[in-house]
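What follows is each chain in one-letter form.
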Amino acid sequence: MAYSSSPFLSNDPPSVDFKVEVTREEFHSFHKIDRHLFTRLVFVLKRDMNQSSQVIAFLLMVEQLGFARNLIACLVPLQDMFIDAVANEVVVCLTMLYNQDYSRLVLVNHNNNDDAVIPLLKSITESNLTLGYINQNRETILAGVKKNLNYICNRAFDDIIKGYKEKLLALEREKVIEEMKKIRLGQQSSTRLSVQHQTPSWWNVQQQIPVRSSVQQGTPIRSSARQGTSIRVSAPQERAPAPATVTETEGEDEEEVTPADDRTVFLTFSKGYPISESEVRVYFTRKFGEVIEDIVMKEVKENEQPLFARMVLKMEYAWKIEEIVTPINKNKFTIDGKHVWARKYVR
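Computed from a predicted structure; not experimentally measured.

Basis of the calculations
Residues numbered from 1 in each chain as written. Predicted model: local features only at pLDDT ≥ 70, side-chain atom pairs only at ≥ 80, totals over all residues. Heavy atoms only, no water. Helix = DSSP H or I, 4+ residues; strand = E, 2+ residues; numbered from the N terminus. Polar contact = N/O pair within 3.5 Å; in protein donor to acceptor, adjacent residues only side chain to side chain. Contact = heavy atoms within 4.5 Å. Phe/Tyr/Trp six-rings, centres within 6.5 Å; stacked < 30°, edge-to-face > 60°. Buried < 20%, exposed > 50% of the residue type's maximum accessible area, 1.4 Å probe, protein only. Lys NZ or Arg CZ within 6 Å of the ring centre and 35° of its normal. Pairing = 2+ DSSP bridges. Axes fitted to C-alpha atoms, helices over the stretch in contact; angles between N-to-C directions. Expected span 1.5 Å × (residues − 1).

Student: When you look at the side chain of Glu279 in this model, what are you seeing that I'm missing?
Tutor: With respect to the secondary-structure elements, Glu279 resides in helix α13 (residues 277-288). Here the side chain of Glu279 touches Lys338 through a polar contact of 3.4 Å, side chain to side chain. Residues contacting Glu279, with those up to four places away along its chain left out, are Lys165, Pro274, Ile335, Asp336 and Lys338.

Written out as structure tokens, the structure is:
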């Protein structure tokens, strides 16, 4: 696969008529440092993949603004803890860019105190990047971030993103298979237990039946009879079956059953940002464990995007619904860079 680019491999999209074909391998090689930082964010620091792409796009924008030349190259040799802290500050900046209400809230709550919100970015850029600057130039910066995301990050990290998604799906399949094995073994175990309860107690009791070895050696039975010696052979007496035992579950209180509606999370998606059932399942499984019983996506026509879904939790994890939707019955998640809102399902 070849990419069109300017002769100087600029970070900006091609805008001149003269273009050269840059192969995928060459494009990856040119952005080797960006790929290295992206890999650390996702695989080492376990950060969200799409959010990490946007972090890189924002850092590239800081470089393009001239606030910190070779910023990414300077971050690569630093410790993971420092890189993670910088990424957290970048996420705050990105949220301010995407959400103007949040931007105003940050400015009001912190009284434009950059040292309290983005101290590392302020230090790295020698106080050029501030909360006030981001708020005043949000449209310009946001456009630059989106351009870097589409023209650089999505192309430079395409193989890493694809491999990561395949790995997550493979792990999810393995977990599902293991869960099915456990269920099957549990069913087999309960079947064996049931058979044991149904077997009469007298089944394995050895009946006292005379055997040939009880007759004295050398004394045939027929000759003994002719001599008038009577042989008394008593028929085996049948024993009455033992009274049925009480099963383990008899008399115990039945397990409380939580209705499906009471353990269902209602998920809503942003229009224009389609998300699949597998993406939802993988994300919530990674975040909360094997809690999902079923996911029901809204039925739509072909080429249409479902805007909501119902996620039913397993019976034993019904209590997790409070953790997912929070006490205010509303929570926001970011799945592969797409916003998902969660609340309790109401029929």
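Student: How do you make sense of the packing of aromatic side chains when you look at a structure like this?
Tutor: Aromatic rings in a pair are described by how distant their centres are and how their planes are angled relative to each other. Considering all chains together, one arrives at nine aromatic pairs under this definition. For the ring pair Phe38 and Phe157, a centre distance of 4.3 Å and an interplane angle of 5° mean the geometry is stacked. Here Phe38 is found in helix α2 (residues 32-44), whereas its partner Phe157 is found in the loop between α10 (138-156) and α11 (158-198), with 119 residues between them in sequence. Ring geometry for Phe284 versus Phe288: centroids 6.0 Å apart, planes at 15°, classification stacked. Of this pair, Phe284 and Phe288 both sit in helix α13, four residues apart, roughly one helical turn. On the accessibility criterion, Phe284 (1% relative accessible area) is buried. The buried category is assigned to Phe288, whose relative accessible area is 9%. Its guanidinium or amino end placed over the ring of Phe27, Arg155 lies 4.4 Å from that ring's centre, counting from NZ or CZ.

Student: I keep staring at the environment of Glu26 and nothing clicks. Help me out?
Tutor: With respect to the helices and strands, Glu26 occurs in helix α1 (residues 24-30). Classification of Glu26 by relative accessible area gives partly exposed; the value is 43%. With 130 residues separating them along the chain, Glu26 and Ala156 place their C-alpha atoms 9.9 Å apart. One polar contact links the side chain of Glu26 to the main-chain amide nitrogen of Thr23, over a distance of 3.0 Å.

Student: Just to check I follow, could you spell out the sheet that holds strand β7 (residues 338-344) for this structure?
Tutor: One key point about sheets: their strands pair by backbone hydrogen bonds, in either a parallel or an antiparallel sense. An order of β4-β5-β3-β7-β6 is seen for the five strands of this open sheet, with the pairing classed as antiparallel. The sheet is open, and its two edges are formed by β4 (292-297) and β6 (331-335), each paired on a single side. Strand-to-strand twist across the sheet, computed as the mean angle between neighbouring axes with direction ignored, equals 25°. Direction of pairing for β4 relative to strand β5 (residues 308-313): antiparallel, over a ladder of five bridges. What sits directly across from Ile292, in β5, is Leu313. Along the sheet, α13 contacts β3 (264-269), β4, β5, β6 and β7; its crossing angle with β6, the most-contacted strand, is approximately 115°.

Student: Looking at this structure, how should I read α13?
Tutor: Because the α-helix completes a turn every 3.6 residues, residues three or four places apart line up on one side. For α13, with 12 residues, the first-to-last C-alpha span of 16 Å sits near the 16 Å given by 1.5 Å per residue. The set of residues buried in α13 consists of Glu279, Val280, Arg281, Val282, Tyr283, Phe284, Thr285 and Phe288. Just downstream of α13 lies Gly289, where phi reads positive at about 95°.

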